[in-house]
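Commentary on secondary and tertiary structure
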Amino acid sequence: MLARKSIIPEEYVLARIAAENLRKPRIRDRPRKARFIAKNGACNLAHKNIREQGRFLQDIFTTLVDLKWRHTLVIFTMSFLCSWLLFAMMWWLVAFAHGDMDASIECAANTTKWTPCVTCVRSFTSAFLFSIEVQVTIGFGGRMMTEECPLAITVLILQNIVGLIINAVMLGCIFMKTAQAHRRAETLIFSRQAVIAVRNGKLCFMFRVGDLRKSMIISASVRIQVVRKTTTPEGEIIPIHQVDIPVDNPIESNNIFLVAPLIICHVIDKRSPLYDISAADLALQDLELIVVLEGVVETTGITTQARTSYIAEEILWGHRFVPIVTEEEGVYAVDYSKFGNTIKVAAPRCSARELDEKPSILIQTLQKSELSHQNSLRKRNSMRRNNSIRRSNSMRRTNSSLIVPKVQFITPEGSQSASET
């Protein structure tokens, strides 16, 4: 709290506040760049000013599948209600035109000489109930068709056809929404962070991917793309410039056997967009690496796709993923609690281009890491020796403190004999 004006002068208070503000450095957060692909795989893209909205109605089935569940359920309910009401109006008009609304006609076809088109249809409510019975094939038995009106038979056939079409479309839409491919992608996981480390003498960009289900993804393949804002020599600005980068896979078909979590590796060579980027330049780069995993679900045969992305802040230079697959009692066990854990390893801080031009940098880095490792081992051994010596000394002290001193007892007789001697 500020001091009261009567105690401390106002000039001194203002000078102190200004000095405190000058001492504390003002840290301005760097504005975060919008991601093209979110970590959960959703595309961060908004479509605006679409004028040709009729194109969505040309593919009505895909439009219904892409809608949200609440909209789909509303359309499902309203389609049946509207068809029932429409045909109820048609049945009421047929009965009104034929004169079946007379109250003197009983609800039986053979009681009078008058034969109605539909028995027991005397109001719009009864016509609505008959429409539901026809389309849903309930058939309570109170209302029934007769041979009197060919128009009523035509309406019956038309309603059955329309009802079958509505059932097929809506049930198929709900089935496709329930068994959508992206639901299977929810159990395909990626590591939250990617790493850059040395593997086989080359700088490599690596990340981990895994499948939580026992049912496998058949013919799984991984693609990596770099998305960045670029400017052509002609001055054209491309906001989303996509560049494919190769994945190091010894298999010619580029398919992976995703039975356990795998580390996907991209060798940073001359073909890579990361070839000229060093550890210091990585934080300043405005790029996004998009990872796409595609495959066929073993149980349903539907093609699924899982996506994620890594920005510069999510790439750790000089780190490596810890192993999570172990063999326990003849079974390979996967510890998913360590899925994204990494450890620091020796890696040159220069770019891959500089590493190719000067291979001695890698040798020096490895030698330094080996010396530091040996020094750390020596320190640990010396600390263990010191601890063991301290423990032995403390044990000796405790043992010496536990030794009972000898006590000599002098009997009265001995004292008398001693005095006599």
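Residues numbered from 1 in each chain as written. Predicted model: local features only at pLDDT ≥ 70, side-chain atom pairs only at ≥ 80, totals over all residues. Heavy atoms only, no water.

As annotated in an unreviewed UniProt entry, the protein chain carries the name KCNJ8 protein and is attributed to Crypturellus undulatus. Taken directly from UniProt, the Sequence similarities (unreviewed entry) text for the protein chain runs: "Belongs to the inward rectifier-type potassium channel (TC 1.A.2.1) family." Reading the Subcellular location (unreviewed entry) entry of the UniProt record for the protein chain gives the comment "Membrane". (UniProt positions renumbered as here; feature names shortened; annotations may be inferred.)

Points about the overall build of the protein chain
Across its full length, the protein chain holds eleven helices and 14 strands. The buried share of the protein chain, reckoned over its 421 residues, is 29%. At a minimum sequence separation of 6, the contacts of the protein chain that also span at least 24 residues come to 64%. Of the roughly 29,200 Å² of accessible surface on the protein chain, 58% is carried by carbon and sulfur atoms. (Helix = DSSP H or I, 4+ residues; strand = E, 2+ residues; numbered from the N terminus. Buried < 20%, exposed > 50% of the residue type's maximum accessible area, 1.4 Å probe, protein only. Contact = heavy atoms within 4.5 Å. Areas by Shrake-Rupley, 256 points an atom, 1.4 Å probe, with all protein chains shown as cover.)

Considering the nonpolar core
Buried together is how nonpolar side chains tend to be arranged in soluble globular proteins. If you look at the biggest cluster of nonpolar residues, it comprises 39 residues, and the most contacted ones within it are Phe205, Phe207, Leu289 and Leu293. Residues in contact with Phe207, not counting those within four places in the same chain, are Phe190, Ser191, Ala194, Val222, Ile224, Leu262, Ile263, Ile264, Val291, Tyr310 and Phe321. Counting 13 residues, the second-largest nonpolar core is a separate cluster that includes Trp91, Val94, Cys149 and Ala152. (Core = buried A, V, L, I, M, F, W, Y, C linked by side-chain atoms within 4.5 Å.)

Examining helix 4 (residues 69-98)
Under the 1.5 Å per step criterion, the end-to-end length of helix 4 is 44 Å for 30 residues, consistent within 8% with the ideal 44 Å. Restricting attention to buried positions, one finds in helix 4 the residues Thr72, Ser79, Phe80, Ser83, Trp84, Phe87, Ala88, Trp91, Val94, Ala95 and His98. If you follow the buried residues of helix 4, they end up packed against helix 3 (60-66), helix 5 (124-136) and helix 6 (150-178). Looking one or two places after helix 4, you find Gly99, whose phi comes out positive at around 85°. (Expected span 1.5 Å × (residues − 1).)

Description of the layout of surface pockets
By volume, the largest pocket amounts to about 400 Å³. Contributing to the lining of the largest pocket are 16 residues, with Lys39, Asn40, Gly41, Ala185 and Arg307 lying nearest its centre. Elements with a minimum of two residues in the lining of the largest pocket: strand 1 (188-190) and strand 9 (303-311). A total of four residues in the lining of the largest pocket trace back to one element, the largest contributor, which is strand 9. Of the residues contributing to the lining of the largest pocket, the split by class is six nonpolar, six polar and four charged. (1 Å grid on protein atoms, 1.4 Å probe; cavity = no way out; pocket = protein on both sides within 12 Å on 5 of 7 lines; lining within 4 Å. Points joined across faces, edges and corners; volume = space filled by probe spheres on them. Nonpolar A, V, L, I, M, F, W, Y, C, P; charged D, E, K, R; others polar.)

With respect to the environment of Val155
Structurally, Val155 is set in helix 6. Sequence-wise, Val155 and Phe87 are 68 residues apart; in three dimensions their C-alpha atoms are separated by 7.9 Å. Excluding residues within four positions of it along the chain, Val155 makes contact with Phe87, Met90, Trp91 and Val94.

Notes on the UniProt feature "transmembrane region" (unreviewed entry) in the protein chain
In the numbering adopted here, UniProt assigns the feature "transmembrane region" (unreviewed entry) to residues 73-94 and 151-175. As a span, residues 73-94 carries 100% helix and 0% strand, and end to end its C-alpha atoms are 32 Å apart. The distance separating the terminal C-alpha atoms of residues 151-175 is 36 Å; by composition the span is 100% helix and 0% strand.

Digging into the pairing of strand 12 (residues 325-328)
The pairing of strand 12 with strand 13 (residues 331-334) spans four bridges and is antiparallel. Counted as the bridge partner of Glu328 is Val331 from strand 13. Counted along the chain from strand 12 to the antiparallel partner strand 13, the turn is two residues long, and its residue Glu329 has a positive phi close to 55°. (Pairing = 2+ DSSP bridges.)

Quick notes on helix 5
The terminal C-alpha atoms of helix 5 lie 18 Å apart, and with 13 residues this matches the ideal 18 Å at 1.5 Å per residue to within 8%. Buried within helix 5 are the following residues: Ser126, Ala127, Phe130, Ser131, Ile132, Glu133, Val134 and Gln135. Positive backbone phi, at 55°, marks Thr137, one or two positions downstream of helix 5.

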